[in-house]
Amino acid sequence: MPKEARPTTGEQAKQHALTKLRQAILHGEMAPAQRLVENELAEQFGVTRASIRAALIDLEGQGLVERIRNRGSRVRVVTVEEAVAITECRMVLEGLCASKAAVAASDEQLQELADLGVAMEKAVADGEPVTYSDLNHRLHERIRLISGQRTAVELLERLNAQLVRHRFQLALRPGRPQQSLSEHLAMIDAIRARDPQAAEAAVRAHLAGVIEALQD
C-alpha cells in the first residue's frame, strides 16, 4: 500500500492537519475534554507545530476545539443544554431542507430514501444500533443534499459536528432506535409523497423527540 503523500507547503500542511484532526474528533477517536498537545500532534501528522496551531484555531471557529488560557487546547465539551439549543436550530434548518427536498427530489433520489428506510428497519430488527446510527446520519445527509439549500447545508454541517458525542450516546441507549425509526420513516414517506409541509412537520417532530431524549 503506497504511503500517504506528505504536504509540501504551509497551507497544505495546515489543511492536512485540519482534516485529520476533524475526522478524529467526529469519529470519536478523540474524546471530549481530551488535551490536544501541539508537539505530539505535529509528530503524529508529520507537520510543524505552526500548522497544528493554525488547524486548531480553525477547529475552534467550528466549535470543535476550545483553547484554555495558559493550558492549551482540548476537544470541546458540548453540554446537554448546548446540545438542546443546537437541536432547536436544526429543527428550523432541517425542516427547511426536507420541505425543499420534497419538491426537488428526482424519482431516483426518492427511491434512494426508500432504500435507506428499509435498511434502517433491518438494522433495528437485527439489533444493530451502530449501523442504525450510521444510516440515520446518512438519511439526514441525503435529505440535506437533495434539498439544494447550500447555505442551510453548510450551517448544519457545523452544528451537527458539535453533536457527535450526544449522537453516539443516544444511538446506544436501549430502545432509542426503535423509538426514532417511525419518525424517520414518516420523514421519508412525506418527502416521497412530495408534500413539503408534511416533510417539514415530520422533521420537526423527529427533532422534538431528540430534544426530549437528550433531556431524559
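Residues numbered from 1 in each chain as written. Predicted model: local features only at pLDDT ≥ 70, side-chain atom pairs only at ≥ 80, totals over all residues. Heavy atoms only, no water.

Colleague: Got a sec to walk through the state of the cysteines? Specific residues and values, please.
Modeller: Counting across every chain of the model gives zero disulfides. Looking at the unpaired Cys89, the closest cysteine sulfur is the one in Cys97, lying at 14 Å. For Cys97, a relative accessible area of 0% puts it in the buried group. (Disulfide = S-S within 2.5 Å. Buried < 20%, exposed > 50% of the residue type's maximum accessible area, 1.4 Å probe, protein only.)

Colleague: Let's hear about the environment of Gln149: which residues, and what values?
Modeller: Structurally, Gln149 is set in the loop between helix H6 (129-147) and helix H7 (150-161). Counting along the chain gives 53 residues from Gln149 to Leu96, while the straight-line C-alpha distance between them is 8.4 Å. Contact partners of Gln149, with chain neighbours within four places excluded, come to Leu96, Cys97 and Lys100. A polar contact is formed between the side chain of Gln149 and the backbone nitrogen of Ala152, at a distance of 3.0 Å. (Helix = DSSP H or I, 4+ residues; strand = E, 2+ residues; numbered from the N terminus. Contact = heavy atoms within 4.5 Å. Polar contact = N/O pair within 3.5 Å; in protein donor to acceptor, adjacent residues only side chain to side chain.)

Colleague: Please give an account of the sheet that holds strand E2 (residues 65-68) that cites residues and values.
Modeller: Whenever strands of a sheet pair, they do so through backbone hydrogen bonds, lying parallel or antiparallel. Across the sheet, three strands lie side by side as E1-E3-E2; this open sheet has antiparallel pairing. Among the strands making up the open sheet, the edge pair consists of strand E1 (35-36) and E2. Two strands pair when backbone bridges link them, and E1 and strand E3 (residues 72-75) are joined in this way by two bridges, in the antiparallel orientation. Bridge pairing links Arg35 to Arg74 in E3. Of the strands in this sheet, E1, E2 and E3 are in contact with helix H3 (residues 49-61), which crosses E2 at around 110°. (Pairing = 2+ DSSP bridges. Axes fitted to C-alpha atoms, helices over the stretch in contact; angles between N-to-C directions.)

Colleague: Would you mind going over the pattern of salt bridges in detail, with residue names and values included?
Modeller: Tallied over the entire structure, the rule returns 12 salt bridges. Residue Arg53 pairs with Glu38 through a salt bridge whose shortest N-O separation is 3.0 Å. Placement of Arg53 in helix H3 and of Glu38 in helix H2 (residues 38-45) is noted, with a sequence separation of 15 residues between them. What makes Glu38 buried here is its relative accessible area of 14%. Where Glu82 meets Arg76, a salt bridge forms, and the shortest distance between an N and an O atom there is 2.8 Å. One salt-bridge network, held together by shared partners, links Glu38, Arg49 and Arg53. (Salt bridge = Lys/Arg side-chain N within 4 Å of Asp/Glu carboxyl O.)

Colleague: Account for the packing of helix H4 (residues 80-104) against helix H10 (residues 196-215), naming residues and giving values.
Modeller: Relative to each other, H4 and H10 sit at 165°, their axes nearing to 7 Å. With respect to each other, H4 and H10 are oriented roughly antiparallel. The handedness of the crossing between H4 and H10 is right-handed. (Parallel < 35°, antiparallel > 145°, perpendicular 65-115°, else oblique. Left-handed = near helix turned anticlockwise from the far one by under 90°.)

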